[in-house]
Amino acid sequence: QVQLVESGGGLVQAGGSLGLSCALSGRTFRSYHMGWFRQTPGKEREFVATVSYSGGSTDYADSVKGRFTISRDNAKNTVYLLMNSLKPEDTAVYYCAAGTTPTLSTTRVMYWGQGTQVSVSS
């Protein structure tokens, strides 16, 4: 089985920074594209960022471009999300995701992490 475990969530003041990590464990025979999604109460889970297996290609939601940075360390089977200039509207449960397609969507994700809460106070 494949598991994704997020860490690094917490409470931060607006304008601050927070880094999330997601470690993949289990059978890793395939090269996974990794990404981050987030969800707030009453809303659908939305795309935040993705990074290709090689780490050479990234994509971001317009709402986080210029503020968030996704990266990965394949030697550690870990993907990261550095969130800068956080805003209260960034408050959500953040989910790590893995899939075999370069453009991840909720329907293309094969594995999900358990989610980690990120709260940004004003």
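All of the points below concern the structure found in this document. Since the structure is predicted, the reported quantities are computational estimates derived from the model, not experimental observations.

Procedures and definitions
- Residues numbered from 1 in each chain as written.
- Predicted model: local features only at pLDDT ≥ 70, side-chain atom pairs only at ≥ 80, totals over all residues.
- Heavy atoms only, no water.
- Helix = DSSP H or I, 4+ residues; strand = E, 2+ residues; numbered from the N terminus.
- Phe/Tyr/Trp six-rings, centres within 6.5 Å; stacked < 30°, edge-to-face > 60°.
- Buried < 20%, exposed > 50% of the residue type's maximum accessible area, 1.4 Å probe, protein only.
- Lys NZ or Arg CZ within 6 Å of the ring centre and 35° of its normal.
- Disulfide = S-S within 2.5 Å.

## Some remarks on unusual backbone geometry
The phi angle at Asn77 is positive, at roughly 50°, despite the residue not being glycine. Turning to its location among the elements, Asn77 is positioned in the loop between strand S7 (68-73) and strand S8 (78-83). Unusually for a residue other than glycine, Ser85 sits at a positive phi of about 50°.

## Some remarks on the packing of aromatic side chains
Going through the model one piece at a time under the given rule, you end up with four aromatic pairs. Ring geometry for Phe37 against Trp112: centres 5.1 Å apart, planes inclined by 70°, an arrangement best described as edge-to-face. In this pair, Phe37 sits in strand S4 (residues 33-39) while Trp112 sits in strand S10 (residues 111-112), placing the two residues 75 residues apart along the sequence. Using a relative accessible area of 1% as the deciding quantity, one classes Phe37 as buried. Lying over the aromatic face of Trp112, Arg45 brings its terminal NZ or CZ to 4.5 Å of the ring centre.

## Looking at the state of the cysteines
Applying the stated criterion across every chain yields a total of one disulfide. At a sulfur-sulfur separation of 2.0 Å, the disulfide partner of Cys22 is Cys96. With the S-S dihedral at roughly -90°, the linkage between Cys22 and Cys96 falls on the left-handed side. Highlighted residues: Cys22 in strand S3 (residues 18-26) and Cys96 in strand S9 (residues 92-99), separated in sequence by 74 residues. Side by side, Cys22 and Cys96 carry an identical accessibility label, which is buried.

Honestly, it's all geometry; don't read function into it.
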